[in-house]
Structure formats: C-alpha cells, structure tokens
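Residues per chain, in single letters:
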Amino acid sequence: MKSGAILNISCYLFVSLADAPALRERLHARADALGLKGTVLLAEEGINLFLAGAPEAVNTWVAELRADPRFATLAPKESWSEHQPFKRLKVKVKPEIIRMNRPTVRPDRADRAPALPAATLARWLDQGHDDEGREVVMLDTRNGFEVDHGAFDGAIDWRLHKFSDFPEALAAHRDELVGKTVVSYCTGGIRCEKAAMVLSDAGLHAWQLEGGILKYFEETGGPHYHGGCFVFDERESLGADLAPVAPARA
C-alpha cells in the first residue's frame, strides 16, 4: 500500500558483469541526474541496489537499466516513505555484491539453489511440514542485531556478526539440519541465495526464500513472522505492511 511521497526500491541480480567499472560511471551519472540517493554495488557476479527518490525518477532509472538485456529480469521490491531515507548516493565496484569470501560460490555461473515462493512457505508453515512431510526449519542468514528486530517464529539464529561467518557456522551446526527441509532467508534474498548454495553443497535439503522477508511481507502479509525487518537506511525497521515501525528488540 502506498504511503508517502518517496519510492524506495531494493533488488539484486546475480549476472556476469565484465564491465563493472564503466557501468559504475554510467549508473552513477544517471542516478545523480535524477536526484536519487542510496547505494548501488557492482561486481563481476552482479548488482545489488537500494535507491530512493521521486517515483518518476526511480522508474525512469530502472527502465533505463532494464534496457540492458543483462538486467531485463530485474524485479525491484517497492516501499514508500514520507522522507528520503538515504543521505547520499553511492555507486561502488566491489569484489562481491554480498561478501562471503567464498569465490567458488557464484550464483551467476552456477545453478541457483531452489527458490521457494512466499505463498508456498506460508502454506508449509501453516501445515507444519513441506509437501513431502519433512520438518521445515527456518534459517536466518542475517547478522544477529538484525534478527533482534524480528524473525520467523522459531527460526535458527547463529548470531552471525557478518555474512562471511556463515560457512564456519554451518560447519559447526550441519548435523543438526540433516533430514530436515532448511529454508534460508534474509532481508531481500541476496544472502539466503548464496547461503542456500552452500547448504546444498553440504548435502542438505535446502531452499532459499524467494525475495526474502520483504517479498514475503508483500505477498503474504507476514504470517509466522514476529517483529519488524531491519533495513539499512534511516527507516531502520519495516513492518509486514512495509511501513516504518519502531524496532522490536529482543
């Protein structure tokens, strides 16, 4: 539901980019000209972005980006705010668009881990098992302080300090997940997509929540989730209606 004058978008796409530095200059110039603020990260493995501005300006920038065939499938998640939540515009080239320090984990080059639609997850959580009768466990791949704002009921929380801690945490806890359907999740999908690949490589039955918590909120209204979803801007935490809320801390 629209509430506010500023359109906020977030999205990522794992796609091979051989021209990230040149692309950085072009995307920064257009976003700046359109008065947008936020962060765009580019790497050889893809793009990750959080931008906000006037709706017409945001939509123009996205349309121009999608004109590049590599970005044609971009599907930004939208939310609204009364004020600009970002202080400046940053467009950067990084080694990874989400740092895991596992260079062999490249979703742009490998088959994606299976993606679970939000509606299917809600149904599984309602019935208490997946469609094969297997126990479903939710695995939070976010940092511990983010989890403190809100999480899926009964979710596994390894109190990560940073996402690159995930492989080590998995090595310590893998046996606890054997025989279960593990659904990894994060804010918008990017971390749980990489995490699900690592889970699958470890021999586990793993899914990623398609679009993360924000897509789940958008499509289901947030059943089986308590609290808000931390976002890295001045809004701090969003509720199931995608509107800013006071943080719900543990």
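Residues numbered from 1 in each chain as written. Predicted model: local features only at pLDDT ≥ 70, side-chain atom pairs only at ≥ 80, totals over all residues. Heavy atoms only, no water.

**Q** I tried to follow the packing of helix α1 (residues 20-33) against helix α2 (residues 55-66) on my own but got confused; where do I start?
**A** A pair of packed helices is characterised by two quantities: the angle between their axes and the separation of those axes. It is the contact of α1 with α2, at a shortest axis distance of 10 Å, that shows an interaxial angle of 155 degrees. The orientation of α1 with respect to α2, classified from their angle, is roughly antiparallel. The way α1 lies across α2 gives a crossing that is right-handed. On α2, the residues touching L27, R30 and A31 of α1 are T60, W61, E64 and L65. Each residue belonging to the contact of α1 with α2 can be placed in one class, and the counts come to four nonpolar, one polar and two charged. (Axes fitted to C-alpha atoms, helices over the stretch in contact; angles between N-to-C directions. Helix = DSSP H or I, 4+ residues; strand = E, 2+ residues; numbered from the N terminus. Parallel < 35°, antiparallel > 145°, perpendicular 65-115°, else oblique. Left-handed = near helix turned anticlockwise from the far one by under 90°. Contact = heavy atoms within 4.5 Å. Nonpolar A, V, L, I, M, F, W, Y, C, P; charged D, E, K, R; others polar.)

**Q** Teacher, can you tell me more about unusual backbone geometry here?
**A** Residues apart from glycine generally show negative phi values, whereas peptide bonds are mostly found in trans. The residue R159 is not glycine, and still its phi comes out positive at about 50 degrees. Judged by relative accessible area, which is 40%, R159 ranks as partly exposed. Although it is not a glycine, H224 adopts a positive phi angle of roughly 70 degrees. By secondary structure assignment, the location of H224 is in the loop between α7 (212-220) and β12 (225-227). The exposure class assigned to H224 is partly exposed, which follows from its relative accessible area of 27%. (Buried < 20%, exposed > 50% of the residue type's maximum accessible area, 1.4 Å probe, protein only.)

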